[in-house]
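Here are the chains, one letter per residue:
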Amino acid sequence: MSTQQTPFAPGFVECPYWWDLAPPPRPGSPAPLPEAAEVVIIGGGIAGLSTAIELARGGVKALVLDREAIGWGASSRNGGALSGAGSLGRARSDLHKALDQKLLGEMVEEAEASFDEMGSFLQAEGVDCFFRKTGRFVGAHAPKALDTLKRRAEMLNRTGRDTATILERSRVGEEVATGLYHGGLLIQRAGSLHPGLYVQGLGRAAAARGTTLRGGVTVTGLAEEGNGYRVRTSQGDVLARHVMVATNGYTGAATPWHRRRLVPVASYMIATETLGEERVRALLPKLRVYGDTKKVLYYFRPSPDFTRILFGGRASFIDADARRAAARLHGFLTGLLPDLAGVRITHGWKGNVAFALDYLPHVGRQEGIHYALGCNGSGVVTMTHLGRVAARQILGGANRPSAFTRLPFPTMAGYGGRPWFLPVVGASYQLRDRLDGWRSTPAKVHS
C-alpha cells in the first residue's frame, strides 16, 4: 500500500452519484407480459421512454422492455450535460468535409431546435430535474485545436440561434481554474440537468400516459410474423405490430444488424467529496458544463447544488473496474485543477455509451424495425429528440422528415459488435494527445 494519501473518501461507493437521490426502481416479482402490443420498445432509457411518450401523445400505448431496471443504463449514469448542435462537432472535426453542406445545415438547425424544445418538454411532462441553461466551455488542449473549435463556432453561428465565441488563452481563467488549456470555445446554448431524476421523470410520464414498463426482461430474438413481429423474451413471447430498438451502448445479440453498427465504449465518472459552493465557484466561476478537445477527452461540471465537482472521461479502453478507473480519474482531475490536490472522491461509476462508426446519431427503420441509436457520448438531448422522431415515423404523422433519417448507418467488414480494437484505438488516442503536448498528470492506482 502506498504511503500517499488514498483518493477515496471513507464510505466511497462504486455507484452513480445521481442514484443517491434517484436510484433505479428495485426489481420486484415480474408482472406477466401482455400477449400482444401495438409497439414494443427494446430499451428503457431516454430514447425508449421519449418514444413511448410521443406515441402515447398520438394515441398509441407501447410496451417498454429492458433487461435491467428501467433507466438503469447510461441514461442515469451520464454527466447530465445538454447540447444542441454543439454536440455534432465533438466527436469528429471534419463534418464540414464529410457531409453535403445542405444536409449538414439541416442537421445543425434540427439539433439546435431540439435543445430549444427541452424546457417546454420538461414542463409539459412535469419532469423536475434541476434543468438549467448554463452554457458550455470547451478547452483547447493544444494550440492547433483552436482551429477545430473555430470551425465549430462558424458552424453554430451560421444558424443564427447560437452565439459561439472563441476565447484566447489569456481568458481561460474566466471559465476554469487551470493553466492547461490553450484557449477554448464558449457555447451559449448548452445546459445541465440531473440525469437520474430526468429518466425517472420520463418513466413516470410514460406510465401516466398508459405505457407499460417492464424491467428485468431480456429480449432474446425477433421474427416476422403476420403483419408484425414475434418478440421473444425471457418472460415469454409478445406479438407486436411495430418494434423499436433503443438500446444504444447495451445493444445485444437479439438485434445483430444494429449491434454491428455501434461501438460500446465504457465511460467513467467520479464525484468529489463536498467542497462547498464558494470553492466550486473559485474553480468553475460560471458554473457551466465543460469539456475539451483531447482524443481522450475530459468532461466535468458542478453538482446540481454547486457543492461538488463531477468529472468524467475515458479512464480505460477496456472494461475496467470502477474503483481502479476512479483512482485514475482522480489523478486526471487534480492534474487539471491543481487546487483540488488532497480532495477525495465519494463515488465512482461507469456506463456504456454507443459510438456509431461515423460518429453521428442515427434514427430510421431497417427491414421494418425502427431505431434511434448512436448517442456518441452526448445523448440526453439527442436521444430525447430522436425518440420523438422515431415515434412520429411509427405513427406516420411526421410533417417534415428528420435530417438524421437521411444518413446511411455504416458498419465495417468483419465487425460483429464486439470492439476488440478499442485498446489499440485508445493507445493511439493517448499517443496523439501526448504528441500534442498534453501534460495532465495521470494517477497512480492504489490497492
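Residues numbered from 1 in each chain as written. Predicted model: local features only at pLDDT ≥ 70, side-chain atom pairs only at ≥ 80, totals over all residues. Heavy atoms only, no water.

- The chain appears in an unreviewed UniProt entry as FAD-binding oxidoreductase from Teichococcus wenyumeiae.

So, the overall build of the chain
Thinking step 1. Within the chain, the secondary structure is distributed over 10 helices and 20 strands.
Thinking step 2. In terms of overall size, the chain behaves like a compact globule, its C-alpha atoms giving a radius of gyration of 21 Å where 447 residues would be expected to give roughly 22 Å.
Thinking step 3. Considering only C-alpha atoms, the chain reaches an extent of 65 × 50 × 45 Å along its principal axes.
Thinking step 4. Looking at the 447 residues of the chain, the share that counts as buried comes to 58%.
Thinking step 5. Considering only contacts within the chain whose residues lie at least 6 apart along the sequence, 76% involve residues at least 24 apart.
Thinking step 6. Put simply, the chain shows about 18,300 Å² of open surface, and 50% of that area lies on carbon and sulfur atoms. (Helix = DSSP H or I, 4+ residues; strand = E, 2+ residues; numbered from the N terminus. Rg over C-alpha atoms; globule rule 2.2 N^0.38 Å. Buried < 20%, exposed > 50% of the residue type's maximum accessible area, 1.4 Å probe, protein only. Contact = heavy atoms within 4.5 Å. Areas by Shrake-Rupley, 256 points an atom, 1.4 Å probe, with all protein chains shown as cover.)

What to know about the confidence of the model for the chain
Thinking step 1. Mean pLDDT for the chain: 91, with 94% of residues reaching 70 or above.
Thinking step 2. Per-residue pLDDT stays below 50 along residues 441-447; that stretch engages in 17 contacts with residues further than four places along the chain or on separate chains. (pLDDT = per-residue confidence, 0-100.)

A look at the side chain of Glu-54
Thinking step 1. Within the secondary structure, Glu-54 sits in helix H1 (residues 46-57).
Thinking step 2. When its relative accessible area of 11% is taken as the criterion, Glu-54 is described as buried.
Thinking step 3. Once residues lying within four places of it in the same chain are set aside, the contact partners of Glu-54 are Arg-388, Ala-391, Arg-392 and Leu-395.

Describing the pattern of salt bridges
Thinking step 1. Evaluated as defined, the whole model comprises 18 salt bridges.
Thinking step 2. The closest approach of N and O atoms between Arg-388 and Glu-117, which form a salt bridge, is 2.5 Å. Taken together, the residues span a long stretch of sequence, with Arg-388 in helix H9 (residues 380-395) and Glu-117 in helix H3 (residues 101-125) at a distance of 271 residues.
Thinking step 3. Look at Glu-117 and you get partly exposed, because its relative accessible area is 30%.
Thinking step 4. The closest approach of N and O atoms between Lys-144 and Asp-436, which form a salt bridge, is 3.1 Å. Taken together, the positions of Lys-144 in the loop between strand S6 (136-139) and helix H4 (145-157) and Asp-436 in the segment after helix H10 (422-435) put the pair 292 residues apart, joining distant regions of the chain.
Thinking step 5. Overall, the relative accessible area of 57% leaves Lys-144 in the exposed class.
Thinking step 6. When salt bridges with common partners are traced through the structure, they connect Glu-54, Arg-57, Glu-125, Arg-209 and Arg-392 into a single cluster. (Salt bridge = Lys/Arg side-chain N within 4 Å of Asp/Glu carboxyl O.)

Some points on the nonpolar core
Thinking step 1. Core analysis: the largest hydrophobic core is formed by 64 residues, its most contacted members being Ile-41, Leu-55, Leu-88, Met-107 and Tyr-198.
Thinking step 2. Elements supplying a minimum of two residues to this core: strand S2 (36-42), H1, strand S3 (62-66), H3, H4, strand S8 (184-187), helix H5 (195-208) and H9.
Thinking step 3. At nine residues, H3 tops the list of elements feeding residues into this core.
Thinking step 4. One finds Phe-12, Leu-186, Tyr-298 and Ile-345 within the second-largest nonpolar core, a separate group that totals 36 residues. (Core = buried A, V, L, I, M, F, W, Y, C linked by side-chain atoms within 4.5 Å.)

Structural notes on the packing of aromatic side chains
Thinking step 1. Within the structure shown, the criterion is met by 15 aromatic pairs.
Thinking step 2. Ring geometry for Phe-8 against Phe-12: centres 4.6 Å apart, planes inclined by 50°, an arrangement best described as tilted.
Thinking step 3. Plain terms: the ring middles of Tyr-290 and Phe-300 are 5.1 Å apart, the flat faces sit at 5° to each other, and that makes the pair stacked. You can see Tyr-290 sitting in strand S15 (residues 289-292) and its partner Phe-300 sitting in strand S16 (residues 298-302), a full 10 residues away along the chain.
Thinking step 4. Owing to a relative accessible area of 1%, Tyr-290 belongs among the buried residues under this scheme.
Thinking step 5. A connected cluster of aromatic rings, assembled from ring pairs, spans Tyr-181, Tyr-290, Tyr-298, Phe-300, Phe-311, Phe-332 and Trp-438.
Thinking step 6. Here the guanidinium or amino end of Arg-281 rests over the ring plane of Phe-306, the centre of that ring lying 5.8 Å away.
Thinking step 7. Positioned above the aromatic ring of Trp-438, the side-chain terminus of Lys-294 is 4.8 Å from the ring centre. (Phe/Tyr/Trp six-rings, centres within 6.5 Å; stacked < 30°, edge-to-face > 60°. Lys NZ or Arg CZ within 6 Å of the ring centre and 35° of its normal.)

Some thoughts on the side chain of Thr-251
Thinking step 1. Relative to the helices and strands, Thr-251 is located in the loop between strand S13 (236-245) and helix H6 (256-259).
Thinking step 2. Overall, the relative accessible area of 12% leaves Thr-251 in the buried class.
Thinking step 3. A polar contact is formed between the side chain of Thr-251 and the side chain of Thr-247, at a distance of 2.8 Å.
Thinking step 4. A distance of 2.7 Å separates a polar atom in the side chain of Thr-251 from the backbone oxygen of Asn-248.
Thinking step 5. When neighbours within four sequence positions are excluded, Thr-251 is seen to be in contact with His-258, Arg-259, Leu-262 and Leu-373. (Polar contact = N/O pair within 3.5 Å; in protein donor to acceptor, adjacent residues only side chain to side chain.)

Details of the environment of Val-199
Thinking step 1. Positionally, Val-199 belongs in helix H5.
Thinking step 2. The exposure class assigned to Val-199 is buried, which follows from its relative accessible area of 5%.
Thinking step 3. Considered as a pair, Val-199 and Lys-150 are 49 residues apart in the sequence and their alpha carbons are 34 Å apart.
Thinking step 4. In this view, Val-199 contacts Gly-44, Gly-45, Ile-46, Leu-49, Gly-71, Ser-75 and Ser-76; residues no more than four positions away in its chain are not counted.

Quick notes on the packing of H1 against H9
Thinking step 1. Taken N-terminus to C-terminus, the directions of H1 and H9 make an angle of 40°; their axes are 7 Å apart at the nearest point. As far as their axial angle goes, H9 and H1 are oblique. The two elements H1 and H9 meet at a crossing, and its hand is right-handed. Between H1 and H9, the contacting residues are Ile-46, Ala-47, Ser-50, Thr-51, Glu-54 and Leu-55 on the first element and Val-380, Met-383, Thr-384, Gly-387, Arg-388, Ala-390, Ala-391, Arg-392, Ile-394 and Leu-395 on the second.
Thinking step 2. For the contact of H1 with H9, the class distribution of residues is nine nonpolar, four polar and three charged. (Axes fitted to C-alpha atoms, helices over the stretch in contact; angles between N-to-C directions. Parallel < 35°, antiparallel > 145°, perpendicular 65-115°, else oblique. Left-handed = near helix turned anticlockwise from the far one by under 90°. Nonpolar A, V, L, I, M, F, W, Y, C, P; charged D, E, K, R; others polar.)

Comments concerning the sheet that holds strand S4 (residues 81-83)
Thinking step 1. In spatial order, the strands read S4-S9-S5; together these three strands make up an open sheet with antiparallel pairing. Whereas interior strands pair on both sides, the edge strands pair on one side only; in this sheet they are S4 and strand S5 (132-133).
Thinking step 2. Pairing analysis gives three bridges linking S4 to strand S9 (residues 190-192), with the strands arranged antiparallel. The residue bridging Ser-83 from the neighbouring strand is Ala-190, located in S9. (Pairing = 2+ DSSP bridges.)

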